[in-house]
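Residue strings, one per chain:
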Amino acid sequence: MVLTDADGLPLGADTASASPHEVTLIEPLLEKRVLRRKLHRLIYDEAADSDPLRARLKHRGIDLVCRHRRNRTKQPTQDGRKLRRFRRRWKVERSISWLQNFRRLVTRYEFYAHLFHGFVQLACLVVVLGRF
């Protein structure tokens, strides 16, 4: 998982197993960000549509902007005005495609997870340095 700023520069990266749901991986990713300035909003896709996650992020002062799932049974918690920011999600997808340029990340050759995480951080550093 990659955390980016509004311009698509990687601020943090975290690797985990494929078995846990993405909702459980969002908060550890926020803890591993490089810049310690306060986040005001987090834009994510439908996988983060969880009321307990919204409450935990609201307690931290972070506003979660994501679409509701189609099969949601509870009342919607946000209207369409916040979802206007969702249109800028292409910047996040662009930063993920920048990381996909590194073949070592696309095809994981490392057996140990800490080595793979090191290469992910190195690729994020190369992307950030290439933008300046």
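Check the entry above for the structure.
The structure displayed is predicted, hence computed values, not measured ones.

A. Main features of the side chain of Arg-89. The residue Arg-89 is located in the loop between strand E4 (63-65) and helix H3 (90-99) in this model. Within the structure, Arg-89 has its side chain in polar contact with the side chain of Glu-93 (distance 3.0 Å).

B. Seen up close, the packing of aromatic side chains. Using the criterion set out here, one finds 1 aromatic pair in the structure. Consider the rings of Phe-111 and Tyr-112, whose centres lie 5.3 Å apart with planes at 85°: the pair is edge-to-face. We classify Phe-111 as exposed; its relative accessible area is 70%. Judged by relative accessible area, Tyr-112 falls into the partly exposed class, the value being 48%.

Rules behind the numbers
- Residues numbered from 1 in each chain as written.
- Predicted model: local features only at pLDDT ≥ 70, side-chain atom pairs only at ≥ 80, totals over all residues.
- Heavy atoms only, no water.
- Helix = DSSP H or I, 4+ residues; strand = E, 2+ residues; numbered from the N terminus.
- Polar contact = N/O pair within 3.5 Å; in protein donor to acceptor, adjacent residues only side chain to side chain.
- Phe/Tyr/Trp six-rings, centres within 6.5 Å; stacked < 30°, edge-to-face > 60°.
- Buried < 20%, exposed > 50% of the residue type's maximum accessible area, 1.4 Å probe, protein only.

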